[in-house]
Amino acid sequence: MIRLPLAVFLQGSVTHEYNVLFWVIVSICVFVAGGIATVLIYSAWHFRRRDPNELPPQIRMKLSAELTWIILPSIIFVAMFAYGSKLYFDIERPPDDAEDVYVVAKQWMWKMQHLGGQREINTLHVPVGRAIRLNMISEDVIHSFFVPAFRIKQDVLPGRYTTIWFKAVLPGTYHLFCAEYCGTDHSQMIGWVYAMEPKDYQLWLEQGGAEGSLASTGEKYFHQFGCADCHHFDGHGPGPSLIGLYRHPVQTETGQVVIADESYIRNKILNPSRRVPQGFKAIMPTFKGQLSEDEITALIAYIKAIGPRPGSQLPSGPGEELGDYGGVSPDISEPPTPPVKQSNPGGVR
Ligand code: CUA
């Protein structure tokens, strides 16, 4: 069933709050504009000049009135700002248990890839009731991922990951648009989001025709492109071990500490001489121009999948969630075998 944006008042998690904020602001604006217009028209008529020599009475400032129209609107505006800010932070920060989906935009299509390796073009299948985090990048120009029913819109940029998240509440089919003019067929760069019951989604994943998970594809590239030659898992290679790298703080040679998120890992593959981890030499060659965004995505998925750092007790709290693979961490005393052959690749229950 196709659901139109206006017919889905209770879609998604932030969607409802977004609607509330929108209608509250619209109502206040209509009320204030209507009130001002009414008083203006009434006053123009009621206090009109009745005699050519008439002198208007001098009206002195009334403190209570002044204070009222300063304080009352201030409270209303600050409340709008506070609620809007809260919503902004909610939209910017995906829940920790969000499921990752990778999106590559190009002229003129959307390529989606699930952790289980399922690929789709211009469609996106998601389970209802689960937060979905989209990691998006463009292969060419700026696009914008826009699903009006979920009230989400995010620019998709070349050379940089952007993310957005949503949680579908009702099963249905929702329109997906590109909302940034990106060339001749911009208007054709549309698609559908299919929100399904979790069991239907599971079925869809199984029938998705994936040849191994995204991480297992990444593992293949890891060897094919020679990453494994330097990044030994025991940490004795010329490059740092990548076990547990994902979302872990990395100290660079300048003493700066950065969190190894998707963007950091991508930058290290393409610009390895920048922000070299402390204790290592800038000997890694750049892979700029040699890897497609899809290949980089798979490599990142692999690095994400290779478990915690040996000997470190990673908190399983916010920001350290490694549960994309059903919470399985490989045995850290062994060179890790990524948990790629699980029957439940997307961590979907
Ligand atoms: Cu892509 Cu407009």
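Residues numbered from 1 in each chain as written. Predicted model: local features only at pLDDT ≥ 70, side-chain atom pairs only at ≥ 80, totals over all residues. Heavy atoms only, no water.

Structural notes on the packing of helix α4 (residues 214-224) against helix α7 (residues 293-305)
The relative placement of two packed helices is expressed as an angle between their axes plus a distance between the axes. Note the cut-off: As a rule, the C-alpha atoms of each element are fitted with a line to give its axis, helices using only the stretch in contact, and angles between N-to-C directions run from 0 to 180 degrees. Only DSSP runs of H or I with at least four residues qualify as helices, and only runs of E with at least two residues qualify as strands; both kinds are numbered from the N terminus onward. Throughout this description, any angle smaller than 35 degrees is read as roughly parallel, any larger than 145 degrees as roughly antiparallel, any in the 65 to 115 degree range as roughly perpendicular, and the remainder as oblique. Contacts were defined at the residue level, with two residues in contact if any of their heavy atoms lie within 4.5 Å. Classification convention: Asp, Glu, Lys, Arg as charged; Ala, Val, Leu, Ile, Met, Phe, Trp, Tyr, Cys, Pro as nonpolar; all other residues, Gly among them, as polar.
In contact at an axis separation of 7 Å, α4 and α7 are set at 105° when each is read in the N-to-C sense. Relative to α7, the element α4 lies roughly perpendicular. Between α4 and α7, the contacting residues are L214, A215, T217, G218, E219, Y221 and F222 on the first element and E295, T297, A298, L299, A301, Y302 and A305 on the second. Looking at the contact of α4 with α7 residue by residue, the classes come out as nine nonpolar, three polar and two charged.

Quick notes on the pattern of salt bridges
The criterion, for reference: Criterion for a salt bridge: a side-chain nitrogen of Lys or Arg within 4 Å of a carboxyl oxygen of Asp or Glu. Classification of residues uses two cut-offs on accessible area relative to the type maximum, computed with a 1.4 Å probe and protein chains only: under 20% is buried, over 50% is exposed, and between them is partly exposed.
In the structure shown here, the tally under the stated rule is eight salt bridges. The partner of K86 in a salt bridge is D90, with the nearest N and O atoms 2.6 Å apart. Taken together, the positions of K86 and D90, both in helix α2 (residues 63-92) and four residues apart, correspond to about one turn of that helix. For D90, a relative accessible area of 25% translates into the label partly exposed. In this structure, E262 engages R133 in a salt bridge whose closest nitrogen and oxygen atoms are separated by 2.7 Å. Here E262, found in helix α6 (residues 262-270), pairs with R133, found in strand β5 (residues 131-138); they are 129 residues apart in sequence, far enough to count as distant. Taken individually, E262 and R133 each receive the classification buried, so the pair is uniform in this respect. Each of D100, R133, E262 and K304 takes part in one network of salt bridges that share partners.

Description of the layout of surface pockets
To find leftover empty space, one rolls a probe the size of a water molecule over the atoms. The condition is simple: Only protein atoms enter the 1 Å grid used here. Points where a 1.4 Å probe fits but cannot escape make up a cavity, open sets with protein on both sides within 12 Å along at least five of seven lines make up a pocket, and a residue lines them when an atom lies within 4 Å of a point. Grid points are joined across faces, edges and corners, and a volume is the space filled by probe spheres set on the points.
Put simply, the largest pocket is a space of about 750 Å³. Lining the largest pocket are 39 residues; nearest its centre among them are H231, G239, P240, L242 and P277. When residues of the lining of the largest pocket are traced back to their parent elements, those giving at least two are α5 (227-230), β11 (249-251), α6 and α7. Among the elements that take part in the lining of the largest pocket, α6 stands out by supplying four residues, more than any other.

Overview of helix α3 (residues 198-206)
Side chains of residues three or four places apart in an α-helix project in the same direction, reflecting 3.6 residues per turn. The line we're drawing: An arc is given here, and it is the one of the directions from the helix axis to the C-beta atoms.
Considered for burial, the residues of α3 that qualify are Y201, Q202, W204 and L205. Take α3 and look down its axis: the buried residues cluster within an arc of 160°, on one side only. Projecting away from the buried face of α3 at angles above 90 degrees are the exposed residues K199 and E206. Buried residues along α3 sit in contact with β1 (99-106), β2 (109-114), β3 (119-121), β4 (123-127) and β10 (191-196).

A few points about the environment of V193
Within the fold, V193 resides in strand β10. Residues in contact with V193, not counting those within four places in the same chain, are L124, V126, V147, F150, F166, G172, T173, Y174 and L176.

Considerations on the packing of aromatic side chains
Spelled out, the test is: Pairing of aromatic rings covers Phe, Tyr and the six-membered ring of Trp, with a centre-to-centre limit of 6.5 Å; geometry is then stacked below 30 degrees between planes, edge-to-face above 60, and tilted otherwise.
Taken as a whole, this structure holds seven aromatic pairs when the rule is applied. Residues F22 and W23 carry aromatic rings whose centres are separated by 5.1 Å and whose planes lie at 80° to one another, so their mutual orientation is edge-to-face. A residue is classified by how much of its surface remains accessible, and W23, at 45% relative accessible area, is partly exposed. Each ring, one from F146 and one from F177, has its centre 6.4 Å from the other, and the planes form 45°; the classification is tilted. You can see F146 sitting in strand β6 (residues 143-147) and its partner F177 sitting in strand β9 (residues 172-178), a full 31 residues away along the chain. A relative accessible area of 27% places F177 in the partly exposed class. Taken together through their ring pairs, the aromatic side chains of F150, F166 and Y174 make up a single cluster.

Quick look at the pairing of strand β7 (residues 152-156)
Selection rule: Here, any two strands with at least 2 DSSP bridges between them count as paired.
Side-chain alternation along β7 places I152, Q154 and V156 on a buried face and K153 and D155 on a face that remains uncovered. Here β6 pairs with β7 via five bridges, running antiparallel. Residue pairing across strands places H143 opposite V156, the latter belonging to β7.

Some details on the packing of α6 against α7
For clarity, the threshold we go by: Left-handed is the label given to a crossing in which the near helix is rotated counterclockwise from the far helix by less than a right angle, and right-handed is the label when the rotation is clockwise.
Running from amino to carboxyl end, α6 crosses α7 at an angle of 120°, the nearest separation of the two axes being 10 Å. The orientation of α6 relative to α7 falls into the category oblique. As α6 packs across α7, the resulting crossing turns out to be right-handed. Each of E262, I265, R266, I269 and L270 in α6 lies in contact with α7, whose residues at this interface are E293, I296, L299, I300, I303 and K304. Within the contact of α6 with α7, the residues separate by chemical class into seven nonpolar, no polar and four charged.

Here's the deal with unusual backbone geometry
Most peptide bonds take the trans configuration, and most residues that are not glycine carry a negative phi. The omega torsion across Q107 and W108 is 0°, close enough to zero to call that bond cis. Here the phi dihedral of N122 falls at roughly 60°; this positive angle occurs in a residue that is not glycine. Checked against the element boundaries, N122 lands in the loop between β3 and β4. On the accessibility criterion, N122 (19% relative accessible area) is buried. Notably, R151 is not glycine yet its phi reads approximately 60°, a positive angle.

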